[in-house]
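Results of the structural survey
In case you want the letters, here they are:
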Amino acid sequence: MTESASAALLDQSVTAFMRYFVAHINPILHRTRYGDRSCTEHEIIVTMALHVVGPTRPSDLSRGLSIEKATMTSVLRRLRDLQFIERRDIPDDERSYLVALAPAGRDFVRHLDDQRRRGFERLFGARAPDAAAVAAKGFDLITSYLKKMEEENGMGPQTPSREP
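Not measured: the values here are computed from a predicted model.

Summed over all chains, the structure comprises 10 salt bridges. The partner of Arg-87 in a salt bridge is Asp-89, and the shortest N-O contact between them spans 3.7 Å. Asp-89 matches Arg-87 in its accessibility class, with the two residues each being exposed. Between Glu-152 and Lys-148 there is a salt bridge, with its nearest N and O atoms 3.8 Å apart. Residue Glu-152 and its partner Lys-148 are located together in helix α6 (residues 129–152), separated by 4 residues, close to a single helical turn. Members of the salt-bridge network, linked through shared partners, are Arg-37, Glu-43 and Arg-78.

Dropping the structure here:
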């Protein structure tokens, strides 16, 4: 199979998958009630990104997540008001700062992890173990490929978005 045919095959599969992702998986990953409020998709994505990459400059978060700077500013303000994140000064850099998860943000991540596990159990718990293993292997292969691509292109958590 040629590289072009491989890409086309993946394109067809992902396109077919997206309808089901949006309807069934996205709500598990990007919708939640926490405390007395519903959290926005951006609040969840930014919190999880900080959990994955650690303390990060807001501009790097904005660029890495493809969220406009004005939107990112309002999301960070809400997360700070909720005490999910904290601002950290960067020594010798008066113009920039880092945002990092605070203890309440780490509690929120645990809530999201628990919600994901329960949601996936409801959605996929009746699947035969061998079918689940095949699906998981497919995701593992895609993850491995994308990780290698990021490493080769200097992308990912090892970029300057990390704490200096």
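Before going further, it helps to spend a moment on the nonpolar core. Membership of the largest hydrophobic core comes to 18 residues, with the highest contact counts inside it found for Val-46, Leu-50, Leu-61, Leu-76 and Ile-85. Of all the secondary structure elements, the ones that give two or more residues to this core are α2 (41–53), α4 (69–81), β4 (93–101) and α5 (103–124). Non-local contacts of Leu-61, meaning those with residues more than four positions away in its chain, are made with Val-46, Ala-49, Leu-50, Thr-56, Met-72, Leu-76 and Val-99.

The next thing to look at is the packing of aromatic side chains. By the definition in use, this model includes 6 aromatic pairs. Considering the side-chain rings of Phe-17 and Phe-21, the 5.9 Å spacing of their centres and the 50° angle between planes classify their relative orientation as tilted. Residue Phe-17 and its partner Phe-21 are both found in helix α1 (residues 3–30); the two are separated by 4 residues, about one turn of the helix. Aromatic ring contacts, followed pair by pair, group Phe-17, Phe-21 and Phe-139 into a single cluster. The ring of Tyr-97 carries the charged tip of Arg-87 above its face, separated from the ring centre by 3.8 Å.

Rules and cut-offs
- Residues numbered from 1 in each chain as written.
- Predicted model: local features only at pLDDT ≥ 70, side-chain atom pairs only at ≥ 80, totals over all residues.
- Heavy atoms only, no water.
- Salt bridge = Lys/Arg side-chain N within 4 Å of Asp/Glu carboxyl O.
- Buried < 20%, exposed > 50% of the residue type's maximum accessible area, 1.4 Å probe, protein only.
- Helix = DSSP H or I, 4+ residues; strand = E, 2+ residues; numbered from the N terminus.
- Core = buried A, V, L, I, M, F, W, Y, C linked by side-chain atoms within 4.5 Å.
- Contact = heavy atoms within 4.5 Å.
- Phe/Tyr/Trp six-rings, centres within 6.5 Å; stacked < 30°, edge-to-face > 60°.
- Lys NZ or Arg CZ within 6 Å of the ring centre and 35° of its normal.

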